[in-house]
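Structural characterization, general
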Amino acid sequence: LGANVLMMFLGWEGVGLCSYLLIGFYFDKDYAAQAAKKAFVFNRVGDMGFMVGFFLLFMIFGSLDYGTMMATVHGVSSNATITLFGHTAAPTFWFNIAGICLFLGACGKSAQIPLYVWLPDAMAGPTPVSALIHAATMVTSGLYMITRLNFVFVQAPMALEVVLIIGSLTAILAASMGLAQYDIKKVLAYSTVSQLGYMFMGMGAGAFTAGMFHVFTHAFFKATLFLGSGAVIVACHHEQDMRNMGGLRKLMPITFAAMMAATLAIAGIPPFSGFFSKDEILWRVFEGWYQGGTYAGSHLYLICWIMGMLGAFMTAFYMMRLMVMTFFGDYRGAGNDPHHHTVASEAHGHDAHHDDHGHDDHGHGDHGHGPKEVAWNMWLPVAILGVLAVVGGFLNLPHSLGGNDLFSKWLEPLLYRAPEPAGHASNLEYGLMIFSGVIWAPAAMFLAWRFYGADASWSTPRAFVARFPRLYAWVHNKYFVDEGYQAGIINPIVKGSVGLWKFDSGVVDGLVNLVAWLLRQLSGAFKRLQSGRVQNYAFLMFLGFLVIAIWKYLA
């Protein structure tokens, strides 16, 4: 929250270090150590772009102070030029480069394509860490950075296009990955990546306040879901596979009520908080197309809006799927047999293995006792956050619904261009609002209920998997992106490193060792002359004197 970019970068690195240490909290577990290193490396890749970006800002402005830079941007004339590295160009050219570099840093910290793969693995940390650092704090710092530097991005149309495209792609792809996950925390992890994509969509459309308001509401409902999932995991004796849960609605009523409220919020059901923030983002993107586009081509806005709507449908579907598999039906836990696998674990044609991230599986089953509501000090924070997930959206109730846009007005002093005063909402805006919140998202939730709640055998999902096994395999394995990184980047680097090590040890060290061997041989020959006997040295001195005398005589 410092007044300049350098101070922000120091805090940026500090929270990254905290993330690394907290992901690796279970230091005796190999998967936690691997996940921590993965997060650290991917964030360093993004931070390289961030550093180049703020170095460019310093070269352009001569300062990293927000107020100074914003005042300078206000004073730049339309025909001004800037010369850097021997190249003279309009300020927009340099702002585009700086904005894209800064956005690369945001991609690393806020888990956007292509640097998002560390976040699902970060679930190796304790669940409260996932709720705080990886849902509401660290991963939103990239969005805060773009909003704080909005005066750069509004002058960088190409950079905003990149933000809009990457945010839209991340929103829909991460949402699709959440459709076929069974680890309850992994579903929420991909949900987080997807929701961050929506926030960047808002930024890319120039709706900085809408993006930041989604940061605000997302903190409430995602923290509710993460802490609620932690309560479920503890109640189920460290079970994280949703196929081995079920029926917890009556056993854990408080946790269920809070998580259900958060689910309705993230799905965008009115009047829950997520409806107001996500709907505003989607409207601003649609508006960019409808009005011909402000920062990017109008057709790009339309494509991104379609991706956003599809992502919203998937979000409502996978979240209802999570709730149904976890809280409805009959409990499918393992009972007294720690090695027992339920029928549910085969329901999707997949083995019953689950990722034990952040919770030790002690193999105790349920000890003959079913799950029950957790202690008050676990359900109370979940309940408080659940209430905030319900009412948080009213803090920025739009004029079109009788509100005063309080959150947006609070952020106005930070903005290079204050939002235009909202007039009377058009029938189109009301129509899209009703379609999104009353028809589109509820339809997705109803579909999930039909697939997983009304049919206890899950015959429709099983039939879909049987008919499209390759599609299921791709989605379930997250499109093999991690495997692609492993094969295309990590393995070649490892092989190259091994080759360099062999060259170093065989050639470089070999040459050094050869010099040492030659010196050793020469010193061994001379060593024989050093006998330590005075008479030998006297004889050699006399012999040398004699040789010199004969040479002089002959000369």
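Read on for a plain summary of the structure. Remember, predicted model here, so these are calculated numbers, not experimental data. (Residues numbered from 1 in each chain as written. Predicted model: local features only at pLDDT ≥ 70, side-chain atom pairs only at ≥ 80, totals over all residues. Heavy atoms only, no water.)

With that settled, consider empty space enclosed by the protein. All chains considered together, the criterion is met by 5 cavities of 30 Å³ or more. If you add up the space inside the largest cavity, you get close to 80 Å³. Lining of the largest cavity is provided by D279, L282, W283, W305, M309, E429, L432, M433, F435 and S436. Looking at the lining of the largest cavity, the elements with two or more residues in it are helix 13 (273-290), helix 14 (298-327) and helix 17 (427-453). (1 Å grid on protein atoms, 1.4 Å probe; cavity = no way out; pocket = protein on both sides within 12 Å on 5 of 7 lines; lining within 4 Å. Points joined across faces, edges and corners; volume = space filled by probe spheres on them. Helix = DSSP H or I, 4+ residues; strand = E, 2+ residues; numbered from the N terminus.)

Side chains that differ in charge, positive against negative, can pair when their charged atoms come close. Summed over all chains, the structure comprises 6 salt bridges. Between D47 and R44 there is a salt bridge, with the nearest N and O atoms lying 2.4 Å from each other. You can see D47 and its partner R44 sitting in helix 2 (residues 30-61), 3 residues apart, about one turn around the helix. Residue class for D47 comes out buried when judged on its relative accessible area of 2%. Overall, the relative accessible area of 24% leaves R44 in the partly exposed class. Ionic pairing is found between D241 and R243, a salt bridge with its closest N-O pair at 2.7 Å. Look at D241 and you get buried, because its relative accessible area is 0%. What emerges from the salt-bridge pattern is a single network uniting E13, R44 and D47. (Salt bridge = Lys/Arg side-chain N within 4 Å of Asp/Glu carboxyl O. Buried < 20%, exposed > 50% of the residue type's maximum accessible area, 1.4 Å probe, protein only.)

This part covers a nonpolar patch on the surface. Residues Y537, F539, L540, F542, L543, F545, L546, V547, I550, Y553 and L554 make up a contiguous nonpolar surface patch of roughly 1,200 Å² in combined accessible area. In this fold, L540 is placed in helix 21 (residues 534-554). (Patch = residues over 30% accessible without salt bridge, like charges linked within 9 Å, V, L, I, M, F, W, Y side chains within 5 Å. Areas by Shrake-Rupley, 256 points an atom, 1.4 Å probe, with all protein chains shown as cover.)

Interaxial distance between helix 10 (residues 184-204) and helix 13 falls to 9 Å at its minimum, and their mutual angle equals 45 degrees. As far as their axial angle goes, helix 13 and helix 10 are oblique. The interaxial crossing formed by helix 10 with helix 13 has left-handed handedness. From helix 10, Q195, Y198, M199, M201 and G202 reach across to helix 13, where they touch K278, I281, L282 and V285. Looking at the contact of helix 10 with helix 13 residue by residue, the class counts come to 6 nonpolar, 2 polar and 1 charged. (Axes fitted to C-alpha atoms, helices over the stretch in contact; angles between N-to-C directions. Parallel < 35°, antiparallel > 145°, perpendicular 65-115°, else oblique. Left-handed = near helix turned anticlockwise from the far one by under 90°. Contact = heavy atoms within 4.5 Å. Nonpolar A, V, L, I, M, F, W, Y, C, P; charged D, E, K, R; others polar.)

It is the contact of helix 11 (residues 208-235) with helix 15 (residues 376-391), at a shortest axis distance of 8 Å, that shows an interaxial angle of 150 degrees. By the angle between their axes, helix 11 is roughly antiparallel relative to helix 15. Seen from above, helix 11 lies across helix 15 with left-handed handedness. Two secondary-structure elements touch here, helix 11 through F220, F221, A223, T224, L227, G228, G230, A231 and V234 and helix 15 through M378, P381, V382, L385, G386, L388 and A389. Among the residues making up the contact of helix 11 with helix 15, the classes are represented as 12 nonpolar, 4 polar and no charged.

One pass over the full model with this rule turns up 32 aromatic pairs. Their ring planes at 55 degrees and their centres at 6.2 Å tell us that F85 and W94 sit as a pair that is tilted. On the basis of relative accessible area, W94 is assigned to the buried category, the value being 5%. Each ring, one from F216 and one from F220, has its centre 5.1 Å from the other, and the planes form 75 degrees; the classification is edge-to-face. Within this pair, F216 and its partner F220 are both found in helix 11, separated by 4 residues, close to a single helical turn. With relative accessibility at 25%, the residue F216 sits in the partly exposed group. Residue F220 is classed as buried on the basis of its relative accessible area of 16%. In this structure, R243 is placed above the aromatic ring of Y182, and the distance from its NZ or CZ to the ring centre is 3.8 Å. Cation over ring: K278 sits above Y198, and NZ or CZ is 5.1 Å from the ring centre. (Phe/Tyr/Trp six-rings, centres within 6.5 Å; stacked < 30°, edge-to-face > 60°. Lys NZ or Arg CZ within 6 Å of the ring centre and 35° of its normal.)

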